[in-house]
Amino acid sequence: MAHTLVLVRHGQSEWNKKNLFTGWRDVELTEQGRKEAAEAGVLMKAAGLEFDVAYTSGLKRAQETNQLALASLGQSDIPVIENEALNERDYGDLAGLNKDDAREKWGEEQVHIWRRSFDIPPPGGESLKMTAERVLPYFDAEIMPKVLAGTRVLVAAHGNSLRALVMQLDNLGPDEIVEVNIATGVPIAYELDDDGKVLSKKILADRTYS
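The rules we used
Residues numbered from 1 in each chain as written. Predicted model: local features only at pLDDT ≥ 70, side-chain atom pairs only at ≥ 80, totals over all residues. Heavy atoms only, no water. Core = buried A, V, L, I, M, F, W, Y, C linked by side-chain atoms within 4.5 Å. Buried < 20%, exposed > 50% of the residue type's maximum accessible area, 1.4 Å probe, protein only. Helix = DSSP H or I, 4+ residues; strand = E, 2+ residues; numbered from the N terminus. Contact = heavy atoms within 4.5 Å. Salt bridge = Lys/Arg side-chain N within 4 Å of Asp/Glu carboxyl O. Expected span 1.5 Å × (residues − 1). Arc of directions from axis to C-beta.

A. Quick peek at the nonpolar core. One finds L5, L7, I143 and V155 to be the most contacted residues of the largest nonpolar core, which totals 31 residues. Within the residue set of this core, elements represented by two or more residues are β1 (3–9), β2 (53–56), α6 (128–148), β4 (153–157), α7 (159–169) and β5 (188–192). Residue contributions to this core peak at 9 residues, all from α6. Ignoring sequence-local partners within four residues, the contact set of L7 consists of V155, L162, L165, V166, L169, V186, P187, I188 and Y190. Counting 15 residues, the second largest nonpolar core, distinct from the first, contains V8, F51, L70 and A156.

Structure follows, in structure tokens:
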């Protein structure tokens, strides 16, 4: 029996548009972001996907993406579980800064290390490794058992919290996952076997929004 798990990153946020580090700051979607979220639902509907439960983070850009996608799917009545374990990586002192201004302040190489290394956090924030250490225990304890029991699950979250899931699902190493980019509003549909191994993975669009 194949088990359904679909991941979708929130649509473009106001701070994505302004090229700011966001992290745990609770910002709104842009109009484009709302269109991306609704389109995600259209794409999932076209793929014949149906869900029994949705999980999202404690941040409104992921929550609104989830709402808009489910509305497009015609499945707004399913249970939605919100948990901060699925929040974006905390960017600490970088949060709210323009990425170009951060490069001026700390240097391009240092900012690149904070953004793209696996285990070096920015000041006051989380590395991808630390984010994974927060996300994966919740996923393994709460979400995966439901998936393997036959519950069809949608997870609407963030670039880095979803990278942690992709790292585990795709069995990627630290050097591989730091090169993975997850586009806003583009569903990633997995089918898993009874042991949680990936039978198939399909990205339902090929947009490259950052």
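Read on, since the account is not over.
B. Up close: unusual backbone geometry. Phi at N19 is positive, roughly 65°, even though this residue is not glycine. By the element assignment, N19 lies in the loop between α1 (14–17) and α2 (31–46). Exposure remark for N19: the relative accessible area of 30% places this residue in the partly exposed category. The backbone of N171 shows a phi angle near 55°, a positive value even though the residue is not glycine. When you line up the elements, N171 lands in the loop between α7 and α8 (174–177).

C. Representation of the side chain of K99 in the model. Residue placement: K99 occurs in helix α4 (residues 99–106). Each residue touching K99, except ones within four places of it in the same chain, is listed here: N19, L20, F21 and R115.

D. Structural view of the pattern of salt bridges. Scanning the model with the defined rule gives 10 salt bridges in all. Ionic pairing is found between R34 and E31, a salt bridge with its closest N-O pair at 3.9 Å. Of this pair, R34 and E31 both sit in helix α2, 3 residues apart, which is roughly one turn of the helix. Note that R103 is salt-bridged to D100, the shortest N-O span being 2.7 Å. Highlighted residues: R103 and D100, both in helix α4, separated by 3 residues, approximately one helical turn. Assessed through its relative accessible area of 27%, R103 is described here as partly exposed.

E. Summary view of α2. Look at α2: 23 Å from first C-alpha to last across 16 residues, which is about the 22 Å you get at 1.5 Å a residue. Buried residues of α2: G33, E36, A37, A40, G41 and M44, and no others. Taken end-on, α2 shows its buried residues confined to a sector of 140°, consistent with a single buried face. The exposed residues of α2 that point more than 90 degrees off its buried face are K35, K45 and A46. Those residues of α2 that are buried lie in contact with β1, α3 (60–73) and β4.

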